[in-house]
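Structure at a glance
Here is how the chains run, residue by residue.
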Amino acid sequence: GESVGLHLPTLSVQEGDNSIINCAYSNSASDYFIWYKQESGKGPQFIIDIRSNMDKRQGQRVTVLLNKTVKHLSLQIAATQPGDSAVYFCAENIGGGGADGLTFGKGTHLIIQP
Amino acid sequence: GAGVSQSPSNKVTEKGKDVELRCDPISGHTALYWYRQSLGQGLEFLIYFQGNSAPDKSGLPSDRFSAERTGGSVSTLTIQRTQQEDSAVYLCASSSGIQEKLFFGSGTQLSVL
């Protein structure tokens, strides 16, 4: 079965608000996590990654939080903009490298309300 | 090139025909992946190439699917005797090594009529 999942398939937020997208994983051996953004008609685009020796990592308007105790990963987007509308995927790597070490979640569709 | 390039961007074919999808990875990237994405779904792993090692074909759904990577660069995914259930977006990605982020192409939208 799939070891990476998302709590909500769709998330609707008001423009300007902060967005929080959640991801749960079940494999405690996972040591590398990635968030991707996929806009309609395009391939997934890398947003931010985090390794298991960190709890938090910040990028431009985005923050990824990793809670290894409860095996939970989240992506926070500050001041959400219309261009943030997309499907967001989390992915985990269990350290083996290669395709069998990388598992993608099903994705959360982020909808921005004007 | 600057990014992963896939061609064609769209392919419409008749059931039973063979199709070839091409992927040009980022120059220097040793790892190359093929994924399939059905409408509104996540990414389904198909096949993985790493350097000169034998490819990991564990995700290929049937023996109608095959892929090769020539010279450690360009890859071709071939689907023989296409079926309607093969209709999907086929995504290619490359990376510079283990536990490095994947860079995706824009995909090939395959429609089997």
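Use the structure listed above.
The side chains of a regular strand alternate, first on one face of the sheet and then on the other. Residues and elements named next belong to chain A. Burial along strand β3 (residues 19–25) is one-sided: the face carrying Ser-19, Ile-21, Cys-23 and Tyr-25 is buried and the face carrying Ile-20, Asn-22 and Ala-24 is not. Relative to strand β8 (residues 72–77), β3 runs antiparallel, the two sharing six bridges. Residue pairing in the sheet places Ile-21 in a bridge with Leu-75 of β8.

Applying the stated criterion across every chain, the model contains 10 aromatic pairs over all chains. With centroids separated by 5.4 Å and ring planes inclined at 90°, the aromatic side chains of Tyr-36 of chain A and Phe-104 of chain B adopt a geometry described as edge-to-face. Here Tyr-36 of chain A, found in strand β4 (residues 32–38), pairs with Phe-104 of chain B, found in strand β9 (residues 103–104), and the two come from separate chains. The burial state of Tyr-36 of chain A is the same as that of Phe-104 of chain B; both residues are buried. Each ring, one from Tyr-33 of chain B and one from Tyr-35 of chain B, has its centre 6.2 Å from the other, and the planes form 20°; the classification is stacked. Here Tyr-33 of chain B matches Tyr-35 of chain B in class, with each residue buried. Taken together, the ring pairs in this structure connect Tyr-36, Phe-46 and Phe-104 of chain A together with Tyr-33, Tyr-35, Phe-45, Tyr-48 and Phe-104 of chain B into an aromatic cluster. Looking at Lys-101 of chain B, its charged tip hangs above the ring of Phe-46 of chain A, at a distance of 4.8 Å from the centre.

Contact residues are listed per partner, giving 22 residues for chain A and 18 residues for chain B. Summed over both partners, the interface of chain A with chain B buries about 1,600 Å², with 58% contributed by carbon and sulfur atoms. There are zero salt bridges connecting chain A and chain B. The tally of links between chain A and chain B comes to two residue pairs in polar contact (both at pLDDT 80 or more). The set of elements that each furnish at least two residues to the side of chain A that touches chain B consists of β4, β5 (45–51), β9 (86–93) and β10 (102–104) of chain A. In terms of residue count, β4 of chain A provides more of the side of chain A that touches chain B than any other element does, four residues in total. Classifying every residue of the side of chain A that touches chain B gives nine nonpolar, eight polar and five charged.

Conventions we followed
Residues numbered from 1 in each chain as written. Chains lettered and ligands numbered in written order. Predicted model: local features only at pLDDT ≥ 70, side-chain atom pairs only at ≥ 80, totals over all residues. Heavy atoms only, no water. Buried < 20%, exposed > 50% of the residue type's maximum accessible area, 1.4 Å probe, protein only. Helix = DSSP H or I, 4+ residues; strand = E, 2+ residues; numbered from the N terminus. Pairing = 2+ DSSP bridges. Phe/Tyr/Trp six-rings, centres within 6.5 Å; stacked < 30°, edge-to-face > 60°. Lys NZ or Arg CZ within 6 Å of the ring centre and 35° of its normal. Contact = heavy atoms within 4.5 Å. Buried area = accessible area lost by both parts, 1.4 Å probe. Salt bridge = Lys/Arg side-chain N within 4 Å of Asp/Glu carboxyl O. Polar contact = N/O pair within 3.5 Å; in protein donor to acceptor, adjacent residues only side chain to side chain. Nonpolar A, V, L, I, M, F, W, Y, C, P; charged D, E, K, R; others polar.

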